[in-house]
Each structure stands twice: as C-alpha cells, then as structure tokens.
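Report on the structure
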Amino acid sequence: MSEQKTFLYDVNLFRNKLLKRTWVVIALFLVFVSYNSLQVPKEGRVQFFTIFLPLLALFFWFLRKNFLKQVEILSSGRVELEGGSLKQFDANGNCATIRIKDLEQITTDKFRGYDRIVLETKEKIHPIVNITAQGELVSILEKESGIKSVADLTEDRLWTFKTPLYFFPSILILIATYIPPLKEKFPILSPELLGLFFNVNLIIYLLYLPEKQNHTISQFSLKRRMIFISLVVFFFQVYIQLDKSGWLKN
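Described in the following lines is the structure provided in the data block.

Conventions used here
- Residues numbered from 1 in each chain as written.
- Predicted model: local features only at pLDDT ≥ 70, side-chain atom pairs only at ≥ 80, totals over all residues.
- Heavy atoms only, no water.
- Pairing = 2+ DSSP bridges.
- Helix = DSSP H or I, 4+ residues; strand = E, 2+ residues; numbered from the N terminus.
- Axes fitted to C-alpha atoms, helices over the stretch in contact; angles between N-to-C directions.
- Contact = heavy atoms within 4.5 Å.
- Phe/Tyr/Trp six-rings, centres within 6.5 Å; stacked < 30°, edge-to-face > 60°.
- Buried < 20%, exposed > 50% of the residue type's maximum accessible area, 1.4 Å probe, protein only.
- Lys NZ or Arg CZ within 6 Å of the ring centre and 35° of its normal.

**Some remarks on the sheet that holds strand E2 (residues 78–82)**
In space, the 4 strands of this open sheet follow the order E1-E2-E3-E4, with antiparallel pairing throughout. Of all strands in the sheet, those with a lone pairing partner are strand E1 (5–8) and strand E4 (95–99), marking the two edges. Across this sheet, the average inter-strand angle for adjacent strands is 20°, counted without regard to direction. Across 4 bridges, E1 lies against E2 in antiparallel orientation. Bridge pairing in E2 places Thr6 opposite Glu80. Across the sheet, helix H3 (residues 134–145) touches E1, E2 and strand E3 (85–89), and the angle it forms with E1 is around 140°.

Put into structure tokens, the structure is as follows:
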C-alpha cells in the first residue's frame, strides 16, 4: 500500500464516557465522605471536615487535570498506513510500527465499552482502541496481510443484567436491616454492618470478575485499581467499628 491513510481516534466518544465515569467517581467519593461523617461524633465533625474538605478540593483538581490530559493525549494520537506498515503515533510523537505482512492474527472485540483491534505478530501483541472507521481499517489490514479477522464476542463490562445476582447476599442484608422484627432479633443488623458486608461482597465479586488483557500496562488494570480502593475502604470501615467499640483505646 503506497498511499498514506490516516485514522484518528474517536475523541468525542472517549470524552463522553470519561466524563460519565468521572462523575461516578465524584459521586462515590461524596457518598463515602458523607456516610463516614455520620459515623463521627458531632463534636468531632468539624475536625473531620477540616481534614477532608482540602482533600476533596485536591481530589477535584486532580480529576479535572487528569480528564483534560487524557483528552489531549487521545486528540494528538493517530494511526497511519503507508508502505505496507502500520504506524501508531502517541501525543509525544513516538511511533510504534508493525509490518502488515508480519501479522499472524487480527482480532476485533470490545474493551471497556470501546471497539478494539488486536494485532498479533511473533514478537508482540499490538492493541488499537477506539479508532474511527475501524471497519475500513480492518478491511485494509485483511487485504494487505491476507488474514481474515476474528471477532471476540466475550463481554468485559463491569455491569451486566447478571450483576445484581452476585450482590443478592447484600440485598438480603439490606432488606433484613430495615425489617423491625428481624432487627430486634438480630441487634447486629445495622447500616454499618450493611456497608461492611456490601464492601466485602464487592471485593469478592471483583476477584472473580473476568477481565480482558489490555496488552499494555496490565499491572494498572481497572480491576486491580477497584480492588485496591475497596480494600482501603474496608480497612477504614473496620477501623471505625473498632474505634466505636473502644477496642483501640483498650
């Protein structure tokens, strides 16, 4: 292929999805701060908010900076086809090159809600996520390499119609917590126990949740980040309960 062909990333789709996820993170953080402020005695709430409000401002600043940076990075990237090679440029001008004739497999799938092409050679696996005109790009690669692409229909979304089934134990605890006869019979039932039980339920769900490889920086996968955040919240919940029971003072 002598003619140069350029493909850009779908920045609008990425921006919209990132904006939704950012607001979800902000909402969860606000719920977390609000809930835990209620666990602090009234005389200690001023000190609690004195600590968390600056952290909240820093958190918002970091999210905004990260949002703008990611959009800028994607806007500056591109994929070029020329002279039998595929070149993927990042925001810094760095280029990853693959000879199309070296391709051994072409796979199309969904990765975190985005269309993705996974190109495999003997040396490496090269993913291309959220590219515009993906069908045209795949068609050109098939023609130049002589390889038919394979569609991977496996889902990797965090939320599906089956997800509520995994949280059925938490739903039972929620119902039991607000049924007076059960609450009287089992004094341990409380909003604090519900929060702790739900978090443990979430950690177990995440541990067994299938996740596709991103073939780039798997050590910082979304699944691992969510497990880390849930564990931090879990230890904080345990600390609050131990402090309220007086165990830490003893």
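**So, the packing of aromatic side chains**
Throughout the structure, instances matching the rule amount to 5 aromatic pairs. Judged by centre distance (5.2 Å) and plane angle (55°), the rings of Phe167 and Tyr205 are tilted. Of this pair, Phe167 sits in the loop between helix H4 (163–166) and helix H5 (168–177) while Tyr205 sits in helix H7 (residues 191–207), and the two are 38 residues apart along the sequence. Considering the side-chain rings of Phe234 and Phe235, the 5.5 Å spacing of their centres and the 65° angle between planes classify their relative orientation as edge-to-face. For Phe235, a relative accessible area of 56% gives the class exposed. An aromatic cluster is defined as three or more aromatic residues linked by ring pairs; in this entry it consists of Tyr166, Phe167, Phe198 and Tyr205. Sitting above the plane of the Tyr114 ring, Lys17 keeps its charged end 5.6 Å from the centroid. Above the ring of Phe89, the side-chain terminus of Arg78 is found at 4.0 Å from the ring centroid.

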